[in-house]
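# A look at the structure
The residues making up each chain are set out below.
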Amino acid sequence: MDVFDELLRGVRGRGAVFGRSVLWPPWSLRFTDGAHLTLCVPLRGAGWIVPETGEARHVTLGDTVIVRGPAPFCFTDTAPSGTGTERAAGVREVRWGGEGPDHVAREVELDCSTVLLAAAYDVREQVPQRILRALPPVLVVSDEQDCSPMWDYLETQIGVGRPGHQTVLDRLLDWLLVCTLRDWFDRAEAEPPGWYGALGDDVAGPALRAIHEDPAHPWTTAELAGRAGVSRTTLAKRFTELVGTGPVAYLTEWRMTLAADLLTRPELTVAAVARRVGYADAFGFSAAFKRLRGESPSAYRQGAAAGGTRNRAIPAG
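Fair warning: this is a prediction, and the values are worked out from it, not measured in the lab.

What follows deals with the overall build of the protein chain. A tally of helices and strands in the protein chain yields 13 helices and ten strands. Counting only residues that meet the buried cut, the protein chain has 48% of its 317 residues in that class. For the protein chain, the share of sequence-separated contacts (at least 6 apart) that also reach a separation of at least 24 residues comes to 72%. Element-wise, carbon and sulfur atoms account for 51% of the exposed surface of the protein chain, whose accessible area totals about 14700 Å².

Written out as structure tokens, the structure reads:
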């Protein structure tokens with residue numbers, strides 16, 4: 001089981017293209033849709049990513065930018081004099097709902113100095129949010145592998161009229177998102193979650209992968225230690241050092257994360273969710289869920305159905 005793949009499974013973008021119709025100097029786009037993640041790829045020209053708070057970042061051809069939401073941010077052609085999206089003049093707001101992105105995409109003209117490709121990711125599931133928590137407000141990864149053929153191919157997909165071209169474009173951006181996150185976490189300036197570094201460890205890695213391969217299994221520290229070929233004491237010490245919590249505690253936290261997403265599926269009873277994450281009865285599961293999440297599974301389900309935000313009590317690692 002590739003833990004990174006598992007955490008990003010189901011994350012899908014819905015994309016749009018911005019060309020000369022909106023990026024003719026002086027221009028400024030303000031993204032106000034509240035997406036959890038926005039992927040920005042300049043295919044031509046350059047600009048500045050200006051978050052609502054924090055440092056502005058200059059981006060150009062070959063850079064891939066990930067902006068963590070839900071706060072608004074701007075993409076503008078002029079270097080900002082301070083911080084904050086309110087500085088940009090002539091701002092055009094960008095939203096992904098309704099006719100916003102479709103209208104923009106129909107207006108695009110590629111014979112211009114700046115082309116921006118962008119995709120919004122509305123990540124409501126708890127599983128991928130474990131990665132989001134480890135990201136800075138804005139991260140920029142430069143192309144060090146000379147992926148210019150990919151940028152050229154992305155641009156050709158913008159103007160084609162073949163059926164399904166938008167889906168092809170979205171999936172290419174999904175691929176780019178995963179590659180960018182992986183490259184970012186491998187950088188010295190990144191602060192990846194503890195489990196990410198533990199994946200490559202000879203002691204903690206096998207235990208961590210075993211938990212993710214079969215979270216419903218009644219794992220014990222001894223059994224997990226056997227996977228790594230070490231003693232229980234050695235595993236507990238090393239696992240805690242890297243992940244921030246012991247293996248059994250991590251197992252419980254991961255089960256509750258999975259359960260939170262399963263509870264959003266109305267066809268599953270609480271008892272069915274309990275069984276899927278390794279609990280023989282709903283009572284024991286409900287007690288564990290409330291201890292870690294601060295509310296019962298039923299209350300969580302009701303809040304999720306009503307559109308409530310569920311971001312608390314997620315393990316920091």
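Next comes the rest of the write-up.
Going through the model one piece at a time under the given rule, you end up with seven salt bridges. In this structure, the salt-bridge partner of Arg 171 is Asp 174, at a minimum N-O distance of 2.7 Å. Of this pair, Arg 171 and Asp 174 both sit in helix H5 (residues 165–185), three residues apart, which is roughly one turn of that helix. For Asp 174, a relative accessible area of 8% puts it in the buried group. Across the salt bridge formed by Arg 265 and Glu 267, the nearest N and O atoms sit 2.8 Å from each other. By relative accessible area, which is 32% here, Arg 265 ends up partly exposed. For Glu 267, a relative accessible area of 53% corresponds to the exposed category. A cluster of three or more residues bridged by salt bridges with shared partners is formed by Asp 201, Lys 237, Arg 238 and Glu 241.

Right, let's get into helix H12 (residues 282–293). When the terminal C-alpha atoms of H12 are compared, their 16 Å separation across twelve residues agrees well with the 16 Å that a helix rising 1.5 Å per residue should span. The complete set of buried residues in H12 reads Phe 285, Ala 288, Phe 289 and Arg 293. Take H12 and look down its axis: the buried residues cluster within an arc of 110°, on one side only. More than 90 degrees from the buried face of H12, the exposed residues found are Phe 283, Lys 290 and Arg 291. Contact partners of the buried residues in H12: helix H3 (126–132), helix H10 (247–262), helix H11 (270–276) and helix H13 (297–305). One side-chain oxygen of the residue at the start of H12 lies 3.0 Å from the amide nitrogen of Phe 283, identifying that residue as Asp 281. Taken from the residues just after H12, Gly 294 is the one with a positive phi, measuring 85°.

Another point: the environment of Tyr 196. Within the element layout of this structure, Tyr 196 appears in helix H6 (residues 194–198). Residues Tyr 196 and Val 3 lie 193 residues apart in sequence; the distance between their C-alpha atoms is 8.4 Å. Apart from the residues lying within four places of it in its own chain, the contact partners of Tyr 196 are Phe 4, Arg 182, Phe 185 and Asp 186. In this structure the side chain of Tyr 196 is engaged in a polar contact, spanning 3.3 Å, whose partner is the side chain of Asp 186.

This next bit is on the side chain of Arg 255. As for its placement among the helices and strands, Arg 255 is situated in helix H10. There is a polar contact of 2.7 Å between the side chain of Arg 255 and the backbone oxygen of Pro 215. With residues near it in sequence (within four places) discarded, Arg 255 still touches Pro 215, Ala 216, His 217, Pro 218, Val 277, Gly 278 and Tyr 279.

Aromatic ring pairs are defined here through the distance separating the ring centres and the angle between the ring planes. Tallied over the full model, the rule gives seven aromatic pairs. When the ring of Trp 195 is compared with that of Tyr 196, the centres are 5.9 Å apart and the planes differ by 70°; the resulting orientation is edge-to-face. There is no split in this pair, since Trp 195 and Tyr 196 are both buried. Through pairs of rings, three or more aromatic residues link up here, namely Tyr 279, Phe 285, Phe 289 and Tyr 300.

Another aspect to go through is the packing of helix H7 (residues 204–213) against helix H8 (residues 221–228). In contact at an axis separation of 8 Å, H7 and H8 are set at 120° when each is read in the N-to-C sense. Between H7 and H8, the angle is such that the two are oblique. Remark: the crossing between H7 and H8 carries right-handed chirality. Residues Pro 206, Ala 207, Ala 210, Ile 211 and Glu 213 of H7 touch H8, and the partners they reach there are Leu 224, Arg 227 and Ala 228. Residues of the contact of H7 with H8, tallied by class, amount to six nonpolar, no polar and two charged.

Compared with the 22 Å implied by 1.5 Å per residue over 16 residues, the 22 Å span of H10 between its first and last C-alpha is a close match. Among the 16 residues that make up H10, 13 are buried, leaving the element largely enclosed by the rest of the structure.

So, on to the sheet that holds strand E8 (residues 91–94). The five strands are arranged E5-E4-E7-E2-E8 in an open sheet whose pairing can be described as mixed. One side of each edge strand has no neighbouring strand; the edge strands of this open sheet are strand E5 (57–60) and E8. If you compare each strand with its neighbour and ignore which way they point, the axes differ by 25° on average. Across four bridges, the pairing between strand E2 (residues 28–31) and E8 is parallel. By the bridge assignment, Leu 29 is partnered in E8 with Arg 92.

Reading the values: rules and limits
- Residues numbered from 1 in each chain as written.
- Predicted model: local features only at pLDDT ≥ 70, side-chain atom pairs only at ≥ 80, totals over all residues.
- Heavy atoms only, no water.
- Helix = DSSP H or I, 4+ residues; strand = E, 2+ residues; numbered from the N terminus.
- Buried < 20%, exposed > 50% of the residue type's maximum accessible area, 1.4 Å probe, protein only.
- Contact = heavy atoms within 4.5 Å.
- Areas by Shrake-Rupley, 256 points an atom, 1.4 Å probe, with all protein chains shown as cover.
- Salt bridge = Lys/Arg side-chain N within 4 Å of Asp/Glu carboxyl O.
- Expected span 1.5 Å × (residues − 1).
- Arc of directions from axis to C-beta.
- Polar contact = N/O pair within 3.5 Å; in protein donor to acceptor, adjacent residues only side chain to side chain.
- Phe/Tyr/Trp six-rings, centres within 6.5 Å; stacked < 30°, edge-to-face > 60°.
- Axes fitted to C-alpha atoms, helices over the stretch in contact; angles between N-to-C directions.
- Parallel < 35°, antiparallel > 145°, perpendicular 65-115°, else oblique.
- Left-handed = near helix turned anticlockwise from the far one by under 90°.
- Nonpolar A, V, L, I, M, F, W, Y, C, P; charged D, E, K, R; others polar.
- Pairing = 2+ DSSP bridges.

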